[in-house]
Every structure is written in structure tokens, then in C-alpha cells.
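Inside the fold
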Amino acid sequence: MTCKAHVAWAALACAASLLVACQRKEQDLRGGAAAGAPLRQPQVNTSVMDTTGLPPEGALARVAIGDLAGIGNNTLDADVRSPYAGDLAAIKEGQDLFVSMNCAACHSYDLKGGMGPDLTDTYWRYGGAPADIYKSIFEGRPQGMPAWGRALPQAMIWRIVAYIESKGGAFPGALADKARQGDLADQDTTSGSTLKGRNNVR
Amino acid sequence: MSASRMGGAHRLVLACAAAALAACNGTTSYLDATGTAGREEAVLGQWLTAVACVVVAVVCVAILWGIARGRGKTDDATGRREITSGLNWIYFGLAITLVVLLATFAGTMVTLNAASHPPRTPAVTLDVTGHQWWWEVTYHDRAHPDAGFTTANEVHLPIGQPVRVRLRSADVIHSFWLPQIAGKTDVIPGQVNEMWVEARKPGVSRGMCGEYCGLQHAMMALAVTAESPEQFSAWAAERAREARSPTTAAAHSGEIVFARSCGACHTVMGTNAQGRVGPDLTHFASRPLIGGGVLRNDPISLMRWITGAPTIKEGSRMPAIPLDAAELTAVVAYLQTLR
Amino acid sequence: MTSRAFTVAVGTIAAITLSACGTKENPGRKASVVAAGSASSAAGDVALPAMLNRDASWLPPDAGDGDWLMPSRDYGGTRYSPLAEITTGNADRLALAWTFDDGESHYGHEMTPLVANNTMYIVSPFPNRAYAIDLTEPGGALKWKYDPNPAPIAIGKACCDAVLRGAALYDGKLIYNLLDDHTIALDANTGKELWRTKMANVEDGTTMTMAPLVVDGKVYVGNSGGEMGVAGWLAALDVNTGKELWRAYSVGPDSMARIGDDFKPFYSWLKGKDLGATTWPANAWKHGAGAPWGWVTYDPERHWIYYGTSNTGPWNADQRPGLNLWTSGVFARKADDGMAQWAFVFTPHNEWDYDGVNENILVDLPINGTTRKVMVQFNRNGFAYTIDRLTGEVLVAKPFGHENWASGIDMKTGMPIVVPEKHTVPPGRWVRDICPADIGVKDFEPSAFSPRTGLFYVSVQNICMDYKGNVASYIAGTPYWGAQMTRHVGPGGNYGEFIAFDAAKGEQVWGIPEPFLTYSGALVTAGDVAFYGTVDGWFRAVDARTGKILWSRKLGSGIISAPMSYRGPDGHQYIAIATGVGGGAMTTSSQKGFPPRGSTYYVFTLAQNIPAVAPSAESGQGGGPKKQGGKP
């Protein structure tokens, strides 16, 4: 290339970069006439953030804590599966929530219990299937477990459930009717997790 | 030939000038900085730009002149070309370069020194914590702890008084940048970085995060207001006050909905909502933007934000809150009373 | 003094006290009978005639020297028994007389049994049942029991086990707190509930675990919840009706803290208006705790009460810059209207959960040649404070166990000199090896004072922690905490030690290291025998002057309560202790050999006093010593 051409290209490049700079959006912080529409976002898969895939509101009200009189089997709906089980990003968010919602303060940072019971063993007073754990968090329980159903959206509670599941104590939903305290203590009980769900030895 | 060459050089100079001017539109140009440190850095920047432009111009001129002058005369007799020694030019050029560089170096050192230490002991301290993707700002008064308060995404500065800023991160590396006031300082998890700022001229400008920190790095806007010390004290006193009880029925029921459904993450001083996961909302209605800059703070945007934050600000920790229409109206009415 | 002279002195004292036994009960007999021969003998002892001559105003009404009507026996908090049948010479012959089990082995037993009118009174941990045991019947027979049915939600709001630290007897009433924030009074004869007053909402995280102080027609009770973001308060109720007379908060403006013109703290940093609010970020005091969950003592000379306030909330001090008054401190208040006279804060801007709630024992001690009216507190933070109880001036402040978080107390201001590496702020990082751990060099377990030796008998903890703070949100009903910890034993490898301490000089006189935590209260008697228990269940009698272990017995569970001594209907001296490990001692539950929970109360006496033959079923009376009836 000739020197002339070099200079011409350089000038063109300069001008182009200037023109690009001039396209910057004005942000008016005084709440004036600037547009209120959100900036264009890149298209990203948002399925993990929305609420599809969660059990419908109220479905879990039909899940019983105790055994059903006269029938002897708890008819926990097998469709009520834990929506975020095994989802590592959701489990991480559940862990953050476990600390920020003060769950760790009662159940301890390693979930081994303190003011509240151990969440890593296979002994669950109110049931250890994910749906039962969800209900316990949502509804609260008589000896001081607060009810979170109005304080946290469904999706956040299910993330906490996923985190608790990942610690090894929970039961798969299909075994819920057998999952009374200690019934399955000698079996691997975790659903979808690579952790063994035995009674944890302290 | 000379015309187009001159045209090219002319264009370059124009381009340089235009570049400087183009950066001067909008409120986030560091060249527009009015703060003490920012001003000094802007001046340094301008000096360096000017020097660079001059150097480029001189070099261009020299090259062009060298091209135009062509080679040395050829001696017809011997066929050898006359070599004009350019050594003098080299000495001359070196000398000027050295002087300019030394002057620039000295100027840089002076500026860095001035920018690193506040001129007086700061009276006000800010603790700023960078979150993904919002800024938690806490004002401290050592002598009167109860005058301290926490707010979010906004900074007020008293003119002419240096303010100490302590920077912490709640998660990843951010960078605290008020371009109109001072330079950037990184916000690094696991340590506390300190800087100071001092505003010189009243006005509103925008601060931002200066280090890529995730999907919404661009949506961490700070509203920066520089005002007189009296106005600043009045603002601080106002911020330290707890939220007033709502007076209308709608706002009152909104307060109940808020404490129940939002209080686990947000704080409104004077109520049962004392969560610290999300921004403090005690005086939320006086902030111009929601969500670090994604939306303006108006009722419709607020409703959209509450019910659909994850789709508006992808990756945000604010979830979609399931409220029915009545609850939503009430909460928004309540939030608007939080001046 | 020579050991021979010592033996003679002890022998004389023993002779005098033994000669007093076996006679008819004389109501209100003063301990001054033994004053004459009690001048100090062995090294480290101090002659305290003033203490020995304390009159009946230091005891609840109608309390004889064989009775125990309140957890510390007397209003000064000494836990000293004037009974001297059990001595250093015969304590090795202590034997089990009878036991009682309250059946509540889920939770720790921190209560000291009470005895009056030949009846023993026991209140259990949750569900806080009350029992009256007729001591005139062989083996003790249950006279009545009462079930107050507190709300189970309280169990999940109690930070440190669903415990109850005791009750008080006053004017024929048994008065105590329920975990779910009610104070109740029962008729001591029949067990019928006389009144029940709701003091707070348990859903907010407030519980009540402390033993009330009852004096001069008023019941003094305080809340628990230093980890739950409560605002701490102490209230006075009318003993006859249960009606609340006033409530003094530990935080907030002067109007809430009942601070007025007569408030005269000694140190300048405690002087000022509304310090309970201005030493906090705006409104942070509302969840700043300062709950008085420990012991209240009373000075009948000035009619002032003394009590300490809990740690500051949240533990993460980063969220509350400022001195955070009046948490982790002590108040002296007028007993009638609760107006504060002075206050002192042991650990301002507390970063380590060092509560100020431990017992403030009111004694007269010679310090630098003059006898001073002082209060002594063995604080969680590891320093033993001897404070002028009239002015709040710190006279002595020396460590009484292993601590490394402070290099000392600045005697000009009373403030600790914090070691910079032991600050737990900023949060988000592990701070290693802070001694003591959060449960302190001494937790609530109450120490005892002997006016005969002038020494304090203290269960000391040798435990350290690694601590990491994090930001905490206040969500009502959940903990407002912000800290993770792991704990480990301190230097030497012994979690516990039982010591005798001279609070006038700030020096330990002797100590008995224990492999397990010593988390029990202490008892010391006029026989110069001190009693304590360990978390693995050893109950020991030791020589109060030398620390020699005289007798030990392994009981069914760990001991975290304080022993007491009473005179039975047969005229003999008995020692009673509750077992049932729990409470803060569970922080060491992974120690090898840590016992299971329990719920049994043990009563010991000298072997010679236990009937050789079991009583027959028809007569209902056994052989053995003649029973002494009548009121104490």
C-alpha cells in the first residue's frame, strides 16, 4: 500500500470510531424526558429463572404430613418432584439463601443442627421427601420452625429444598410413603444426587 | 499529490480534535470531571492527549516533509547519492522528547500524589459494598453512630469536603467509578480498598462499575449528587430518619404486604422489614432509577420489576414475587411513600 | 500461721458448729454465731466479719439457715450455706440419700432446687413443670405437681436449649418463668396457679429462661434472645397480682432505659443523653439485644438491684458501629422504680458474644487496706471485675482464666485493650484461635463466695474458637446472628477448671483442672467444703481452703446446675444437685465420653444419717434420726 492509502485508511478508522462513540445513549438521572424502556438485553435461556416447571400453587396442600387414616399409605403425588434437584446453579443459590434467610443459624452452617434439627440425616419428623421438606419450610412447624410461604416465592423455597437434598438426607418422592423416621436408614435414599444418603456419623 | 497528502494530515488533526470533543458529550466523561482528583486526572489526560496529538502531528509533518524532500541529490558524476547527516535532527528530537517526557512524568507523579491523598482529613466516610449488580452505600459518622445510615445506588457528596470511601465486595471484583469526580478503584473480595473523593461543583452525574463483573455489569448505575455542605447535611439527616408511617389505606396495607413478602431481603427502617440481601429501600421513592439503571422509578416500571425482575435484569437475585393485583397495587403505593 | 494452729482453729470452729446441731430450730438464727472463731487462718484467706454479720434483710422473709428460698440463697448472690455438719473432715463419707427424676431428659437442667417448710421445690426445663416434694416422707414424696403447658413454639426460639434456671419462693408462693414468655406464681402449699402474666410474644424470638428475683413485694424478670434480635428488658411485677409495674430496657433512649437525673455512671464514656440509642446506627438498637437472662442480685442496704445484660445483636459487629450501649454490661437500679443509678459496660462494641449477664455477687472486701462495698462479676470475657457497687468504679480487673483477645483492662476507662488480630470485623474471613470462645471463660454457671475464706469458687472454661462473621438480616422469629464458629480446647487440653479466686487481689488461689467442661455452679458451706460438678457427671466436694478433693461421685449425666444445701426434717445437712447435661455445654458434645442427657436430682448426706433399714410399708416411718418438724 502507498503512504497515501495508509493515511486515508487511518483517517477513516478514526472517523468511524468517533461516529460509533456518538451513538452512546444518554442517561438522564434527573428523571427527565429520557425513555423508560429497558436497554436491549442479549437473548439468554431464561428457563431456569421462571416459574414453569414448579408444582402448581396449592398442589402441596394435598400432601399429608401424617399417615392417612383408614388407608395406611401416604398418597404423596409422585408427580411432585423437586424441580431443581441436581441443578448445580440452583443448589448454589439455595446455599446462599440457606445462609441469608438465617436457616444456617438454627440448623448450623453444615446442616448438622443446633437450635433446629439435623438436616443431613435420614430422620425426618415431618417427612423427608422433597415435597415434605418444601411443606415444612412453606408452612412452618410447631416447635418453632417459621412459615416461609408468604415471605419467599415458590422458586426460592424449591432452591433451598434442592440444597438440602444435595446434603444427602432427603428421600426420593416415590419412597415418601415408606420414608418415616429411620425406615430406610440402611438404604441409599438420595434422589438424583451422587451423595450417599446414609445416617451421617458425627 | 501534495493536496491529498495535506488533506490526509489535515483530516488526522481534525480527527484528533473531534475525538476530544466527541468524548465531551453526556455526563460520564472523565474529561468533564469536576471533582478534585478527577479534575487533576482530566487535566493530565488532556495534557497527554495534547502532547500525543502534537507529537503525531510533528512526526507526520516530518515524515511527509521527508517524503516530499525525497532523497539526497545524486551526484551525476559519481552516481553516488549525497547523504545528508540527520544526526542533528536525532539529537534535537531526542532532546525535545526527553524534556516532554520528563515534564509529563513529573506531571503524572504530581497528579498521582495529589489524587492519592485527600487535601484534608475526610470528615465523612462511606462504606461501599459492591454486589452483583448494585451498590450498597453506608454513611458513617464516627462521632455520632446514630447519624449513620445505609442506602443503595446513590451517593451524595458535600462540595469542597473530602470523603473517604472504603470499598468491599460481596461477591466478585467490581470497580467503583464516579467519572465526574475521581478515578476508578477496584473493589476486590476479601479486602478493603480505600480511596477518597471530593466534589467541587454542584450537579448530578452518573457513577458506574468499571470492572466487568457479570451479565449485568452495565446495570450498576450510581446516582451521584454533589451539593453544598448544608444541603448534604440536610439530606443525610433525612436519610437517617426512619420511614414515615403511611397515611392512606392502600399504602398501609402495602406496608403489611411489604413486611411479609419483601422484608426477608429488604430493609425499610422503622418497620419489621430488616433484610440485608437486597438494597435498602427506606427512601426508595427519592431514587431516580430501579435495579441499578434498568428502569426508571415510576409505578408501572415498579410493577413490572416486582413481578418480572428475572426477565428484565437477567441473572439478578431479585426473584419474581407472586403478588395478586390488589397486593401489587398496595405495595407500589407504599413504596411511593418512601421518600 | 502454722499448720498446727490451723488445725486447732478448724477444730474449734467444727466443735462450735457441731454443738449447734441437733437442737430445735430457731427461726432466723444468725450465722454470726460462728463469727468469733472464723478469723482467717490458712494462706490466702481474709477475715470478713462484716460479711459474716449480714442480717436477715439479706435473705428472703422467713428464711432460716437450713432453707434455700432462691437460687443463690441470699440476695447478695453468695450461694453460701451456713450449715456446717458436713466438714472437710467427714465429707469423704457423703452418701446418696434419695433421688428424684423430673422426666424431662430432652433438655439441660440448670435449676437449683429450693427448700422451705420441709418441702423441696423443683421446676423442670421445658415444659416447665413444677414439683413439690415432701421431705418429711422417707425418700421424699411428691406433694403436688403442676403443668403450665407452655407453647412448644418456644423450643425453636431458645438459642441454647429449652432450659430454665430456677424459681423463687416468697410469701408462700413459688414464682418462675415459662419458656414462652409468661411469669407465673403458684401457691407453694397446693400448687394452684395464682397468676400468670404474659411478658412478650414468643413468635418474635423472645423466650424467658432466667430465675426471677423476688424481694420487697416485687418480682424481677428479664427476657432471653440475644441471638434472636430482641430488645432486652428487665421488668418488675407485683408479687401478689403479677401486674407489671415497670420495664427497663437495656437499649434505646433514656426514657426506655429508665435513665434519669440520678444516673451517675463512673466513666466519662458512659455519660451522656440517650446513649442507648446514639451509640448505634439509626434504629439498630431495636434489635440490639442486651437481654438480662442471667442473675439479679439485691443490696438491702441501698435497695438497689444489680443485673447484667447480654451480648449485642447481631454478633456481626460490622453492622453496628458504635459502642452499642448498654449491652454486655451491668446496671445498678433502684429496686422500687427501676431508675438506673449507674451502669458499666464490660465489652463495648462486643465482637465475640461475651455477655454481661453473669452473677454480680455483692460483698464487702478489703481492697488496698479499706473495706469496700463491691460487686464481683466473673465475666464471659475472662476478666474478674471487682467494682465499687455504689459508684460503678472498677477497682480490680484481672483475668481468671485463659484469654487472648485483650491484653488487659485500661483502668482509667474500664475498657478492654483489644488485641488487633482478634477483631472479628470485617466479616467474611476466619479469625483463628480467639480465647475464650463465645461461651466465655465462664458462662452463666454461678460462682459462690465464702465469708469465712473470703474467696470465690468459680467454674472456669478453657475453650477457644475460630470465628467467621457474615452479614445477617433481621427476620423476626429467626436468629439475628451472622457468625460461624468452630471451637477447640484451650492450652493445657483441659476444658474445665474449678478455682478459688481472691477478688480483692485479682489472683487465683488454687485450681482443679478437669478434662471436661466445668459448667456447674458452685456451693460453699460453713464447713469449708465447696461443691461443683463436671459436664461428664462428676460431682465433687473439695476443701474450700486448699482445693483438695475430699469426695467425688459419678452421677447419671453431666452437671450444669448449681448445688444447694438444706437442713432436712431430721436436722441433718443435705446437699442436692440436678443432673442433665445440655445448654451451652453441648458445644463440646463431640468430646469422647460426653454423657447422654439426664433428668435426675440427687440428694446426698453423711452416710451415718441415712436410715439403715428401709421404712416398712405399714408404719410409713423408718428408723433413724428423729424427724424435726416445724417451720424453718
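Residues numbered from 1 in each chain as written. Chains lettered and ligands numbered in written order. Predicted model: local features only at pLDDT ≥ 70, side-chain atom pairs only at ≥ 80, totals over all residues. Heavy atoms only, no water.

In this section: the overall build of chain B. Scanning chain B for helices and strands turns up 7 helices and 12 strands. Across the 339 residues that make up chain B, the buried fraction comes to 47%. Of all intrachain contacts in chain B linking residues separated by at least 6 positions in sequence, the fraction that spans at least 24 positions is 60%. (Helix = DSSP H or I, 4+ residues; strand = E, 2+ residues; numbered from the N terminus. Buried < 20%, exposed > 50% of the residue type's maximum accessible area, 1.4 Å probe, protein only. Contact = heavy atoms within 4.5 Å.)

Moving on, we come to the overall build of chain C. Each helix and strand counted, chain C has 4 helices and 38 strands in total. Expressed as a percentage of contacts within chain C between residues at least 6 apart in sequence, the contacts between residues at least 24 apart total 61%. Of the accessible surface of chain C, which amounts to about 19700 Å², a share of 53% is contributed by carbon and sulfur atoms. (Areas by Shrake-Rupley, 256 points an atom, 1.4 Å probe, with all protein chains shown as cover.)

Residue and element names in this part refer to chain A. By secondary structure assignment, the location of I133 is in helix α4 (residues 130-139). The spatial distance from the C-alpha of I133 to the C-alpha of L54 is 15 Å, given a sequence separation of 79 residues. Residues in contact with I133, not counting those within four places in the same chain, are W124, G127, G128, V161, I164 and A170.

Residues and elements named next belong to chain B. Here chain B averages 87 in pLDDT, while 89% of its residues score no lower than 70. Across chain B, element-level confidence peaks in strand β6 (residues 174-177) with a mean pLDDT of 96 and bottoms out in helix α1 (residues 2-22) with 53. Confidence drops under a pLDDT of 50 for residues 20-26, and excluding neighbours within four residues, the segment shows 9 contacts in the predicted structure. (pLDDT = per-residue confidence, 0-100.)

Now for a nonpolar patch on the surface. Residues V55(B), V59(B), I63(B) and I67(B) make up a contiguous nonpolar surface patch of roughly 310 Å² in combined accessible area. When you line up the elements, V59(B) lands in helix α2 (residues 36-69). (Patch = residues over 30% accessible without salt bridge, like charges linked within 9 Å, V, L, I, M, F, W, Y side chains within 5 Å. Salt bridge = Lys/Arg side-chain N within 4 Å of Asp/Glu carboxyl O.)

A few words now on the packing of α4(A) against helix α5 (residues 154-166) of chain A. The packing of two helices is summarised by the inter-axis angle and the distance between the axes. All names here are of chain A. It is at 10 Å that the axes of α4 and α5 come closest, and there the two elements cross at 125°. Judged on the interaxial angle alone, α5 and α4 are oblique. The handedness of the crossing between α4 and α5 is right-handed. Mapping the contact onto sequence places P130, A131, I133, Y134, I137 and F138 in α4 and Q154, I157, W158, I160, V161, I164 and E165 in α5. Across the contact of α4 with α5, the residue classes tally to 11 nonpolar, 1 polar and 1 charged. (Axes fitted to C-alpha atoms, helices over the stretch in contact; angles between N-to-C directions. Parallel < 35°, antiparallel > 145°, perpendicular 65-115°, else oblique. Left-handed = near helix turned anticlockwise from the far one by under 90°. Nonpolar A, V, L, I, M, F, W, Y, C, P; charged D, E, K, R; others polar.)

Strand-to-strand pairing in sheets goes through backbone hydrogen bonds, with the strands running parallel or antiparallel. All names here are of chain C. Read across the open sheet, the 4 strands follow the order β3-β4-β5-β6; overall the sheet is antiparallel. With partners counted over all chains shown, the strands left at the sheet margins are β3 (114-116) and β6 (141-146), one partner each. For this sheet, the mean inter-axis angle between neighbouring strands, taken without regard to orientation, is 20°. Across 5 bridges, the pairing between strand β4 (residues 119-123) and strand β5 (residues 130-134) is antiparallel. Paired with T119 across the bridge in β5 is D134. (Pairing = 2+ DSSP bridges.)

Residues and elements named next belong to chain A. Here helix α2 (residues 88-100) spans 18 Å end to end across 13 residues, near enough to the 18 Å set by a 1.5 Å rise per residue. What α2 keeps buried is the set A90, I91, G94, L97, F98 and S100. The inward-facing, buried residues of α2 contact α3 (103-107) and α5. Between the side-chain oxygen of the N-cap and the backbone nitrogen of A89 there are 3.1 Å, and the N-cap of α2 in question is D87. Note on α2: the residue one or two positions beyond its end, N102, has a positive phi of about 70°. (Expected span 1.5 Å × (residues − 1). Polar contact = N/O pair within 3.5 Å; in protein donor to acceptor, adjacent residues only side chain to side chain.)

One pass over the structure, following the stated rule, counts 49 aromatic pairs over all chains. On the basis of an interplanar angle of 75° and a centroid distance of 5.5 Å, the ring pair of F149(B) and W235(B) is categorised as edge-to-face. With a gap of 86 residues between them, F149(B) in strand β3 (residues 149-152) and W235(B) in helix α4 (residues 229-240) connect regions that are remote in the sequence. Exposure class is identical for F149(B) and W235(B). Each is buried. Pairing F258(B) with Y334(B) gives two aromatic rings, centres 5.7 Å apart and planes at 55°, and the pair type is tilted. Placement of F258(B) in helix α5 (residues 249-261) and of Y334(B) in helix α7 (residues 325-336) is noted, with a sequence separation of 76 residues between them. Neither residue differs from the other here; F258(B) and Y334(B) are each classed as buried. Positioned above the aromatic ring of W233(C), the side-chain terminus of R247(C) is 4.0 Å from the ring centre. (Phe/Tyr/Trp six-rings, centres within 6.5 Å; stacked < 30°, edge-to-face > 60°. Lys NZ or Arg CZ within 6 Å of the ring centre and 35° of its normal.)

Let us now look at the state of the cysteines. Per the counting criterion, the structure on display carries 2 disulfides over all chains. The disulfide bridge from C435(C) ends at C464(C), spanning 2.1 Å between sulfur atoms. Residues C435(C) and C464(C) share a disulfide whose torsion about the S-S bond is about 105°; that sign makes it right-handed. With C435(C) in the loop between β25 (430-434) and β26 (448-450) and C464(C) in strand β28 (residues 463-469), the pair connects residues that are 29 residues apart, well separated along the chain. C464(C) shares its class with C435(C); the two are buried. Among the cysteines of chain C that take part in disulfides, numbered as they appear in the sequence, the pairing is 1-2, 3-4. C209(B) provides the cysteine sulfur closest to C213(B), a residue in no disulfide bond, and the two sulfurs are 3.7 Å apart. (Disulfide = S-S within 2.5 Å.)

Let us now look at the pairing of β28(C). Residues and elements named next belong to chain C. Judged by how many residues are buried, β28 sits mostly within the fold: 6 of 7 residues are covered. Relative to β28, β25 is paired through 3 bridges, and the arrangement is antiparallel. Residue pairing for β28: W430 is matched across the bridge by K468. Summarising the sheet, β28 and strand β29 (residues 483-489) pair through 7 bridges and their orientation is antiparallel. Bridge pairing links C464 to H488 in β29.

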